[in-house]
Amino acid sequence: MREAIRLSQQGMEAGHGGPFGAVVVKDGQIVGRGFNNVLSSNDPTAHAEVTAIRDACANLKHFQLSDCILYTSCEPCPMCLGAIYWARPKAVYYANTRKDAADIGFDDDFIYEEMALPINDRKLLLQPLLREEALSVFLRWKDMEQKTLY
């Protein structure tokens, strides 16, 4: 956790983004590191957890982290939480809470609140389009014999 906190400070002081850092650990060794790179990369998905997951997956040459633990300097936002679930680590430990983050201007509660609403009540328009065309690709995937499920 101390390395995640150190990375949060390093990235912030270098102007890469907000004060967030994360590490992925396997068998007691750090296999992935990340800090928030939203500002330096102009990428809204370049949060510390996502960056650490990408680094760990590249280093381990695998798309899942099932034997790993993620340490992050702050409770994950909804996007990062989704990425964490997809990466499938066995545990996540965090230091600051999402309330701590809100207190310094990073209020992700509106996303948590939006996700709890029915799709038609959300502020962001989410509208189906060309489902039949897209469904044909899904059906081809379903019938494929050579595929890796994840």
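So, a few notes on the structure that sits alongside this text. (Residues numbered from 1 in each chain as written. Predicted model: local features only at pLDDT ≥ 70, side-chain atom pairs only at ≥ 80, totals over all residues. Heavy atoms only, no water.)

Quick word on the nonpolar core
Argument step 1. Of all hydrophobic cores here, the largest spans 16 residues; its most connected members are V24, V31, I53, A56, L65, C68 and L70.
Argument step 2. Ranked by the residues each element gives to this core, the list is headed by helix α3 (residues 48-60), at five residues.
Argument step 3. Setting aside residues up to four positions removed in sequence, L70 forms contacts with V23, V24, E49, I53, I84, A91, V92 and Y93.
Argument step 4. Judged by nonpolar contacts, the second largest core, of five residues, contains A4, L7, V23 and V25. (Core = buried A, V, L, I, M, F, W, Y, C linked by side-chain atoms within 4.5 Å. Buried < 20%, exposed > 50% of the residue type's maximum accessible area, 1.4 Å probe, protein only. Helix = DSSP H or I, 4+ residues; strand = E, 2+ residues; numbered from the N terminus. Contact = heavy atoms within 4.5 Å.)

Some thoughts on helix α7 (residues 131-143)
The α-helix winds at 3.6 residues per turn, so residues separated by three or four positions along the chain end up facing the same way.
Argument step 1. Taking 1.5 Å of rise per residue, 13 residues should cover 18 Å, and α7 covers 18 Å from first to last C-alpha, within 8% of that figure.
Argument step 2. Little of α7 is tucked away: zero of the 13 residues are buried. (Expected span 1.5 Å × (residues − 1).)

Let's talk about a nonpolar patch on the surface
Argument step 1. A cluster of nonpolar side chains, contributed by F63, W86, W141, M144, L149 and Y150, occupies part of the molecular surface with about 730 Å² of accessible area.
Argument step 2. A relative accessible area of 61% means that Y150 is categorised as exposed. (Patch = residues over 30% accessible without salt bridge, like charges linked within 9 Å, V, L, I, M, F, W, Y side chains within 5 Å. Areas by Shrake-Rupley, 256 points an atom, 1.4 Å probe, with all protein chains shown as cover. Salt bridge = Lys/Arg side-chain N within 4 Å of Asp/Glu carboxyl O.)

Describing the side chain of E114
Argument step 1. Looking at the secondary structure, you find E114 in helix α6 (residues 109-116).
Argument step 2. For E114, a relative accessible area of 14% puts it in the buried group.

With respect to the sheet that holds strand β3 (residues 68-74)
Argument step 1. Spatial ordering of the open sheet is given by β2-β1-β3-β4, a layout of four strands whose pairing is mixed. Sheet topology places β2 (29-35) and β4 (91-96) at the edges, where each strand pairs with a single neighbour. Pairwise comparison of adjacent strand axes, ignoring direction, gives a mean angle of 15° for this sheet.
Argument step 2. In this sheet, β4 lies alongside β3 in parallel orientation, the contact comprising five bridges. When the bridges of β4 are listed, Y71 appears paired with Y93. (Pairing = 2+ DSSP bridges. Axes fitted to C-alpha atoms, helices over the stretch in contact; angles between N-to-C directions.)

Structural notes on α3
Argument step 1. Across its 13 residues, α3 extends 18 Å between first and last C-alpha, which sits within 8% of the 18 Å expected from 1.5 Å per residue.
Argument step 2. Residues of α3 that are buried: A48, E49, V50, T51, A52, I53, A56 and C57.
Argument step 3. The elements touched by buried residues of α3 are β1 (21-26), β2, β3 and α4 (78-87).
Argument step 4. Looking one or two residues past α3, K61 carries a phi angle of roughly 55°, positive in sign.

What about the environment of V50?
Argument step 1. Mapped onto the elements, V50 comes out in helix α3.
Argument step 2. Here V50 falls in the buried class, since its relative accessible area comes to 9%.
Argument step 3. For the pair V50 and A83, spaced 33 residues apart in sequence, the C-alpha to C-alpha distance is 6.7 Å.

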